[in-house]
Amino acid sequence: MDDVEQCRAGLQECPLDDSRRPTFLNNLGSSLRQRFLQHGDMSDLSESIDLHRAALALHPPGCPDRSTSLNGLASSLRNRYMQRGDMSDLSESTELYQAALELCPPGHPERSISLNGFANCLSNRFEERGVLSDLDDSIKLHQAALALRPPGHPDRSMSLNNLANSLRNRFQQQGMMSDLNEVIELHRAALLLRPPGHFDRFMSLNNLAISLQEKFEQQGMLSDLDEAIELHRAALVLCLPGHSNQSLSLSNIAISLQSRFQHRGMLSDLDEAIELHQAAVALSPLGHPHRSSSLNNLANSLRDRFLQRGALSDLDEAIELHRAALVLHPSGHYHSTSLSNLANCLHEQFQQRGNLPDLEEAIALHRAALLHRPPGHSDRSMCLNNLATSVHERFLQQSAPSDIDEAIELHRAALELRPIGHSDRSMSLNNLAITLQHRFVQRAITSDLDESIELHQAALELRPPGHIDRSSSLHNLAISLQRRFRQRGVFADLDVSIELYRAALVLHPSGHSHRSSTLNNLATTLRDRFQHRGALSDLDESIELHRATLELRPPGHSERHMSLNNLAIGLGDRFKCRGVPSDLDEAIELHRAALILCPLGHSERSLSLNNLAASLHCRSEQRGDISDLDESIELHRAALDLHPLGHSERSTSINNLVIGLQDRFHRQGLSSDLDESFRLYLQLPQVSHAVSRVDLSIAMTWVASAEQFKHSSALVAYQTTLNFLDQHLAIMMFSTHHFNAIRLDASSIAMDAFSYCVRRGALSTAVELVEQGRAIFWTQLARFRTPLDELSASGDTGNALAEEVRHLSSLLRTALDASTADQSPQIRQSIMQWDDLISRIRMLSQFSRFLLPPLFSDLQKAAENGAVIIVNASQYSCDALIILVDQDPVHIPLDIARVEVSELSSEFQSLTAHAGLSNHKVESYKIVYILRQLWDGVVEPVVQALRKFIPRGSRIWWCPTAEFTLLPLHAAGPYGLNTHNLSHFYISSYTPTLAALIRARQQVSRNESQDRFVAIGQANPEGQKSLQFVSDELAAVAQRVATVLPFTSLEDSDATVQGALDALRQNQWVHLACHGLPNRKQPFEASFAMRDGRLTIRDIIQSRWQSPEFAFLSACHTTVGDESSPDEAIHLAAAMQFAGFRSVIGSMWSVDDNVARQIVATFYDNMVDSSGRLDCTRAAVALHKAVKTLRKKSDIFPLEQQIVFIHIGV
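Everything numeric here is computed off the predicted structure, so don't read it as measured data.

The rules behind the values
Residues numbered from 1 in each chain as written. Predicted model: local features only at pLDDT ≥ 70, side-chain atom pairs only at ≥ 80, totals over all residues. Heavy atoms only, no water. Helix = DSSP H or I, 4+ residues; strand = E, 2+ residues; numbered from the N terminus. Rg over C-alpha atoms; globule rule 2.2 N^0.38 Å. Buried < 20%, exposed > 50% of the residue type's maximum accessible area, 1.4 Å probe, protein only. Contact = heavy atoms within 4.5 Å. Areas by Shrake-Rupley, 256 points an atom, 1.4 Å probe, with all protein chains shown as cover. Lys, Arg positive; Asp, Glu negative; His and termini not counted. Salt bridge = Lys/Arg side-chain N within 4 Å of Asp/Glu carboxyl O. Polar contact = N/O pair within 3.5 Å; in protein donor to acceptor, adjacent residues only side chain to side chain. Patch = residues over 30% accessible without salt bridge, like charges linked within 9 Å, V, L, I, M, F, W, Y side chains within 5 Å. Charge placed at Lys NZ, Arg CZ, Asp CG, Glu CD. pLDDT = per-residue confidence, 0-100. Pairing = 2+ DSSP bridges. Axes fitted to C-alpha atoms, helices over the stretch in contact; angles between N-to-C directions. Parallel < 35°, antiparallel > 145°, perpendicular 65-115°, else oblique. Left-handed = near helix turned anticlockwise from the far one by under 90°. Nonpolar A, V, L, I, M, F, W, Y, C, P; charged D, E, K, R; others polar. Phe/Tyr/Trp six-rings, centres within 6.5 Å; stacked < 30°, edge-to-face > 60°. Disulfide = S-S within 2.5 Å. Expected span 1.5 Å × (residues − 1). Arc of directions from axis to C-beta.

Let's talk about the overall build of the chain
For the chain, the count of helices and strands is 51 helices and 14 strands. Over its C-alpha atoms the chain spans a radius of gyration of 42 Å, topping by over 25% the 33 Å that the globule rule assigns to 1210 residues. Here the C-alpha coordinates of the chain stretch approximately 150 × 80 × 60 Å along the principal axes. Among the 1210 residues that make up the chain, the fraction classed as buried is 56%. Summarising the internal contacts of the chain: among those between residues at least 6 apart in sequence, 67% fall at separations of at least 24. Put simply, the chain shows about 48,900 Å² of open surface, and 51% of that area lies on carbon and sulfur atoms.

Here you go:
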């Protein structure tokens, strides 16, 4: 007869009114509870509870044995909670233990029992609600219980074990290693008190093993994990078949083997873990208390195996197991764990099958789990982390900015709950870093990438050598640094990235599941370094690493096509360097193999088609085999078929096919190939996606081909290219570095278009195209600013649209300034929104041409006050067009080539750069020679034509292009006896574009009575030599102006950068006497030298002015811009004109401040009209007269100083 039957018999023999009956009830209740713990029969536990309730009813308040009944009932209720998760059982148990403890003061024999039970309940309540005060109270109670159970006490081992468990819970929340170390020591002490044969030895072996495994996960010492596995195996030996803990023991060994697999990558550990979990499930039939945890553990191990081998059957089974486990936990702590586990598997299933409902369900489950873990809950950080991961995944699929922002905020919230010292802090640092890195990829915000790198570095510091996750951190930090290198080109990032990959590879030895990806990434990074530094040793090593990667990705591996492709590209690169035919042949065979693995419908098929085609074309060029070229063309056709109208890669596919067709035309002379190539080019204007820099480059290739073959599509090619340039710049103007790149790419296209139109007699079109493609920064900026003001003033609808434009342009500026790419997904999306917004604005009647280039009928207005002469230099011809207000343009062919213009420009720049350093008479002779060349080849033919239309003494405006912008057309002449120079016939002004002159004329609505004049002089700027005559110059200005307008003078210590800016904003008339500092490499940094620093072009264009009128820039080089593209006119005078100054005097080279002083005095004498007021439209005439006066002193002042100043504007 077992203990239960003996107790039952005793109870049956005890009469109902016997005073011993409560004792018999409690004894039977305790025996049934023990049998339940042995066999898991819930009926035993239910009966135990009923018996303890009956006993408690017979022990009313005041009864000396009431505490015994309270403890017994509390213990059985807690056991039932542990099985069913019903919080009402736990709440009642907690209250009963607390009541029992109150009845057991210090010295009471049952006090330690009540302390222990109450502590266990608080620990369970903490697990449910996550309130840390419950856990802290639990630890204090267990410590008190242990103090009452000194060495030799029969229950000491139990108290050691329970205190250890509560400390372990606190370690899991706060990550303090001191708690975990104490846990291990307590479990070791408990195990010593439970020698072989002890009933609870199994429990101590198991608990010590679990704690050692956790220590391994924190510190990465494999000896801890190996000991844990051996302890679990020893515990399993104690669980003979039929033992109630056999399934638990099987699960524990399996979990430890999973951990070891994750560190060492040995699949045998994972396979054994799955077999053990399956055995545990078999021992946990329906109704078994451990069934749900066994199902959960098996599901987790199958998910791990799926992640390694990719067998979807493993993932499907894991999901079904998690669903079954969730059914067994309809509420409580384990319910939220099951929700999270199922969600994680559904996330994986989405990544494999792309079924969006799986991802949506995963997110919903994670949100439900988070609701069960409110602020303060111990597991809240993990729920935040899981939800963030799934929301991030949805962002990657749908590109909704709100998703990536939410994911980042969730990861930040998780990190806040894992302070320094927390065991999971490195995980949160890593996950937040990855999410920020992906937002960088999408939006190209530099600060995201920098923060990502800092977080990865912090995570790596928390994962020292030996840590289980160190290789992951090495790998992730390497990826981030590689990305930053590609963005900024800092070689230190690339070098460090390579070393990190090497360190990660050491931690992924042969047989490790992550070895192939690490080999691949190291190889790719070495190829990056080869491409930038050219060291063939890097390329050779990259190729060998790609070979090793390919061996680890045998036929059937999901990433084999990628490895074939990467190895082929490396071999292709090496062939180009060394010319070894076998490298190219092998590359082609590898590309063929990769293409087979990318059948129709595969996302990378078009890439494989292009790669194989390019390699075949290369071999055809090397060996002359036309069959390779034929096959290459057909492959490019197939790739083009995969890129229909609207596809962002269609232009590239068209270009690739055209290159092949034109190559075959050159070899075989088949006109059908040439005709087809131009039919393909004629598809380019149909692009419906946001125009990229690549599209622009391809359109320019079309232009070159059309000119080469004299094809009739040339005009369409030029128009398409300039339209692409216009569309692209409408966006890229928001970013200086993108603008600079495009400006250099398209530096001559407008001038060539002008030449083509002139050669075809389309003179009005020539004007439209050269205006569209020149001075693109100022053109785009002005085209954006002025119409936007008009749109804002047009009404509520217009104002709302204008605000939308400002908001979207701000977003684009942020994204573009942070990125070297112009086509990241986030930027593409913003550009699509921009295009839609502009289309809506153009639907308004007054804004049908919003941000569109002007027509000739609009541009002709530039000649309302005098002829405008466009002087153009192209590789195809040099021409001048005279624009008159009331008739078609007049064409003057120029008998000079662009090469000659360039040579004249270079020689003249050299002469003026060294002016004053040698005999100025010799210099003057050389300058005169150049001015005569300009007269004969350019200016004199124009003058002859002008004399037919306008009288002598009229004003004219020069609008030069290309190298003509660097030459003093205004000073051209024969410079001989009894001959006349240009200044004898006409008064010259300049304008960078026709539109700029039109804008200057339109800016007249203002109250002249409020005009103010400021003279700013800086003779002693920071870091520059002193100027001797600045004070005299300002005095001369004051003497002539102060009686006409309110006048302010700003000199020396007052002439600071901020002081000058403030003065410029508040005055309509400005005279600047200081050093001008050009910057031929970075023209936006050209500046005026102030006392404390530089007043740059950036400062000027970013400011808003109050109806500016006139500026005299008495400084050096104020009309000098970028030497690589002078046509852009990015210089100080143009910046002042864009800022709104209608009339500007500037200098083409260095100015002698004594010369400037004398010119200024005469100039302002001629600026006051007959009514006694200053008139900015008199500036050109006033300068003309001042220079004429100066020429009378030619023996004192060298020629280059007489012609240094020019007038720009009205």
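Don't stop here, the text continues.
Topic: the side chain of R955
In this structure, R955 sits in strand β4 (residues 955-960). Within the buried set, R955 has no salt-bridge partner at all; the shortest N-O distance to an opposite charge, 8.3 Å, is to D1175. Of the polar contacts made by the side chain of R955, one reaches the side chain of S989; its length is 2.9 Å. One polar contact links the side chain of R955 to the main-chain carbonyl oxygen of T1177, over a distance of 3.3 Å. Setting aside residues no more than four positions away along its own chain, R955 makes contact with N865, G866, A867, I987, S989, T1177, A1180, V1181, H1207, G1209 and V1210.

Focus: a negative patch on the surface
Together, D895, E900, E903 and E907 make up a negatively charged patch on the protein surface. Along the chain, E907 turns up in helix α41 (residues 898-913).

Focus: the confidence of the model for the chain
Low pLDDT marks stretches whose predicted atomic positions should not be read closely. Model confidence for the chain is summarised by a mean pLDDT of 87, while 92% of its residues fall at 70 or above. With pLDDT under 50 throughout, residues 819-823 is counted as low confidence; its partners more than four residues away or in other chains account for 23 contacts.

Things to note about the sheet that holds strand β9 (residues 1076-1077)
Judged by pairing direction, the sheet is antiparallel, and its 3 strands sit side by side in the order β9-β10-β11 without closing on themselves. Bordering the open sheet on either side are β9 and β11 (1093-1096), each of which pairs with just one other strand. Judged from the 4 bridges that link them, strand β10 (residues 1087-1090) and β11 form a sheet pairing that is antiparallel. Paired with S1087 across the two strands is T1096, which belongs to β11.

As for the pairing of strand β13 (residues 1143-1147)
If a strand is regular, its side chains alternate between the two faces of the sheet. Summarising burial for β13: 5 of the 5 residues are buried, a large majority. Alternating positions in β13 separate into two faces, S1143, I1145 and S1147 on one and V1144 and G1146 on the other, with burial throughout. Pairing between strand β12 (residues 1110-1114) and β13: 3 bridges, direction parallel. By the bridge assignment for β13, F1110 is matched with S1143. As judged from the 5 bridges shared by β13 and strand β14 (residues 1205-1209), these two strands associate in the antiparallel manner. What sits directly across from G1146, in β14, is I1206.

Focus: the packing of helix α30 (residues 650-668) against helix α31 (residues 671-681)
For the pair α30 and α31, the least separation of the axes is 8 Å and the interaxial angle reads 160°. Here α30 is positioned roughly antiparallel relative to α31, judged by the angle of their axes. The chirality of how α30 crosses α31 is left-handed. Two secondary-structure elements touch here, α30 through I654, N655, L657, V658, L661, Q662, R664 and F665 and α31 through S671, D673, L674, E676, S677, F678, L680 and Y681. Looking at the contact of α30 with α31 residue by residue, the class counts come to 9 nonpolar, 4 polar and 3 charged.

Quick look at the packing of aromatic side chains
Per the stated rule, a full pass over the model turns up 17 aromatic pairs. Aromatic pair W1069 and F1110: ring centres 5.4 Å apart, planes at 45°, arrangement tilted. Here the residue W1069 occupies a position in strand β8 (residues 1069-1073), and F1110 occupies one in strand β12, the gap between them amounting to 41 residues. By relative accessible area, which is 1% here, W1069 ends up buried. F1110 sits in the buried class, given a relative accessible area of 0%. Ring centres of F1163 and Y1164 lie 5.0 Å apart, and the angle between their planes is 85°; this geometry places the pair in the edge-to-face category. Take F1163: its relative accessible area is 0%, and that puts it in the buried class.

As for the state of the cysteines
Tallied over the entire structure, the rule returns 0 disulfides. This cysteine, C618, is not joined by any disulfide, and C577 carries the nearest cysteine sulfur, 11 Å off. When its relative accessible area of 15% is taken as the criterion, C618 is described as buried. There is no disulfide at C757, and the cysteine sulfur nearest it, in C959, is 16 Å away. The exposure class of C757 is buried, given its relative accessible area of 1%.

Things to note about the environment of G866
Along the polypeptide, G866 turns up in the loop between α40 (856-859) and β1 (868-873). For the pair G866 and R1191, spaced 325 residues apart in sequence, the C-alpha to C-alpha distance is 26 Å. Those residues in contact with G866, other than ones at most four positions away along the chain, are R955 and W957.

Notes on α41
Helix length check: α41, at 16 residues, gives a terminal C-alpha distance of 22 Å against a target of 22 Å (1.5 Å per residue), a fit within 8%. Residues of α41 that are buried include every one of V901, L904, S905, F908, Q909, L911 and T912, and no others. Angularly, the buried residues of α41 cover 160° about the axis, an arc narrow enough to put them on a single face. In α41, the exposed positions angled more than 90 degrees off the buried face are occupied by V899, E903 and A913.

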